[in-house]
Amino acid sequence: MHIRRSSPVWPNGSRPRVASLRVPRGGQGGGYGRGESLGSGVVFTGDGFLLTNAHVVGKSTGGTAEFSDGTSAPFRVVGADPLSDLAVLRATGPTPEPAELGEADQLKVGQLVVAVGNPLGLAGSVTAGVVSALGRSLPARGRVIEDVIQTDAALNPGNSGGALADSGARVVGINTAVAGVGLGMAVPVNDTTRKIISALMQDGRVRRAYLGLAMMPGPVPAVWRERLGRKTGLLVAQVVAGGPADRAGLRQGTCC
């Protein structure tokens, strides 16, 4: 298996689609210096939309995207979704041609992938590895990111928001975390994340169904066992005050 030299990520090897992002930590743009953070982003439309991690932009409203061909463009944050760790940016200046988005659901364990980004501020770096696991859950910054891709392609600070590409140079994931030595994680590009990206582009946020309760396995009360035909079920462990479940009358300890 080999990587095509002329590809959507590096056409003719000259204008990479992965940008180095400079993001002010103060949250409102302006000066950088000690108050900036670095990450990566992927151009994915012809009119200047970039994809990165939500944790890369944080609460900032904008920053600067720098490309390894020497061009740069300011960007604004269109929307961010911390639950998927994805964010959409819009550059207000010229950008390279977009990368091609692939389909992570077609990945197989052992398949070759490459991570493209700006680790430690070294723009345009590429590291190769394989998909070492699929469908992982990643605890990150007080939440859990589901269904991530695990890879042994070397990731370092600054790779976050960069592309994880397959052997056809299609972007199948957005690098999100270093989980240990020789272990990196990426948010997959699939039908679910495409819907998230579309919602961020259109509305700046993602609307999700919300019940406002937490469930846990437990025994079905004796009076319900015969009617339900089972001995175990789900018990309401917690109800969020004022949430839909609370307004519907569900209470802690009820079944099933």
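All of these numbers come straight from a predicted model, not from anything done at the bench.

**A word on the nonpolar core**
- Counting residues in each nonpolar core, the largest one holds 25 residues, and the members touching the most others are Val42, Leu51, Leu86, Val88 and Val171.
- Those elements that place two or more of their residues in this core are strand 3 (49–52), strand 6 (86–91), strand 7 (112–117), strand 9 (143–151), strand 10 (163–165), strand 11 (171–180), strand 12 (183–188) and helix 2 (191–203).
- Leaving out residues up to four positions away in the same chain, Val171 has contacts with Val42, Ala99, Glu100, Leu101, Gly102, Ala163, Leu164, Ala165 and Val189.
- In this structure, Val43, Val56, Ala65 and Ala73 belong to the second largest nonpolar core, which totals 14 residues.

**Examining the packing of aromatic side chains**
- Going through the model one piece at a time under the given rule, you end up with one aromatic pair.
- Here Phe44 and Phe49 contribute two aromatic rings whose centre-to-centre distance is 6.4 Å and whose plane-to-plane angle is 50 degrees, an arrangement assigned as tilted.
- You can call Phe44 buried: its relative accessible area is 12%.
- Phe49 gets classed as buried once you look at its relative accessible area, which sits at 8%.

**Observations regarding the pairing of strand 4 (residues 62–66)**
- Burial analysis of strand 4 places four of its five residues in the buried class, the great majority of the element.
- Here strand 1 (residues 18–24) pairs with strand 4 via three bridges, running antiparallel. Pairing of Ser20 across the sheet is with Glu66, part of strand 4.
- Pairing of strand 4 with strand 5 (residues 72–81), which is carried by five bridges, proceeds in the antiparallel orientation. Following the sheet pairing, Gly62 is matched in strand 5 by Arg76.
- Taking the residues that link successive antiparallel strands as the turn, the strand 4-strand 5 hairpin has five residues, and the phi of Gly70 there is positive, at about 100 degrees.

**As for the sheet that holds strand 6**
- Read around the closed barrel, the six strands follow the order 1-2-3-6-5-4; overall the barrel is antiparallel. Adjacent strand axes in the sheet meet at a mean angle of 40 degrees when their direction is disregarded.
- The sheet contact formed by strand 3 and strand 6 spans four bridges and is antiparallel. Pairing of Leu50 across the sheet is with Leu89, part of strand 6.
- Docked against the sheet, helix 2 engages strand 3, strand 5 and strand 6, running at close to 45 degrees with respect to strand 6.

**Focus on unusual backbone geometry**
- In this structure, Asp85 is a non-glycine residue whose phi angle is positive, near 60 degrees.
- Tracing the sequence through the fold places Asp85 in the loop between strand 5 and strand 6.
- Given the relative accessible area of 0%, Asp85 is considered buried.
- Non-glycine residue Asp147 carries a positive phi angle of around 60 degrees.
- One can find Asp147 in strand 9.
- By relative accessible area, which is 38% here, Asp147 ends up partly exposed.

**So, the environment of Ala91**
- For Ala91, the location among the structural elements is in strand 6.
- Judged by its relative accessible area of 8%, Ala91 is buried.
- C-alpha separation for the pair Ala91 and Gly62, spaced 29 residues apart in sequence, amounts to 9.3 Å.
- Not counting the four nearest positions on each side in its chain, Ala91 is found in contact with Gly48, Leu50, Ala73, Pro74 and Phe75.

**Some details on the pattern of salt bridges**
- The full count for this structure, using the stated rule, is eight salt bridges.
- Put simply, Arg90 and Asp47 hold a salt bridge, and the shortest N to O gap is 3.9 Å. Of the two residues, Arg90 sits in strand 6 while Asp47 sits in the loop between strand 2 (36–43) and strand 3, which places them 43 residues apart along the sequence.
- Exposure remark for Arg90: the relative accessible area of 25% places this residue in the partly exposed category.
- A relative accessible area of 43% places Asp47 in the partly exposed class.
- Between Glu103 and Arg194 there is a salt bridge; the shortest N-O distance is 3.2 Å. One end of the pair, Glu103, is in the loop between strand 6 and strand 7; the other, Arg194, is in helix 2, with 91 residues separating them in the sequence.
- For Arg194, a relative accessible area of 29% gives the class partly exposed.
- Residues joined in a network through salt bridges with shared partners are Arg22, Glu36 and Glu66.

Quick notes on the rules
Residues numbered from 1 in each chain as written. Predicted model: local features only at pLDDT ≥ 70, side-chain atom pairs only at ≥ 80, totals over all residues. Heavy atoms only, no water. Core = buried A, V, L, I, M, F, W, Y, C linked by side-chain atoms within 4.5 Å. Buried < 20%, exposed > 50% of the residue type's maximum accessible area, 1.4 Å probe, protein only. Helix = DSSP H or I, 4+ residues; strand = E, 2+ residues; numbered from the N terminus. Contact = heavy atoms within 4.5 Å. Phe/Tyr/Trp six-rings, centres within 6.5 Å; stacked < 30°, edge-to-face > 60°. Pairing = 2+ DSSP bridges. Axes fitted to C-alpha atoms, helices over the stretch in contact; angles between N-to-C directions. Salt bridge = Lys/Arg side-chain N within 4 Å of Asp/Glu carboxyl O.

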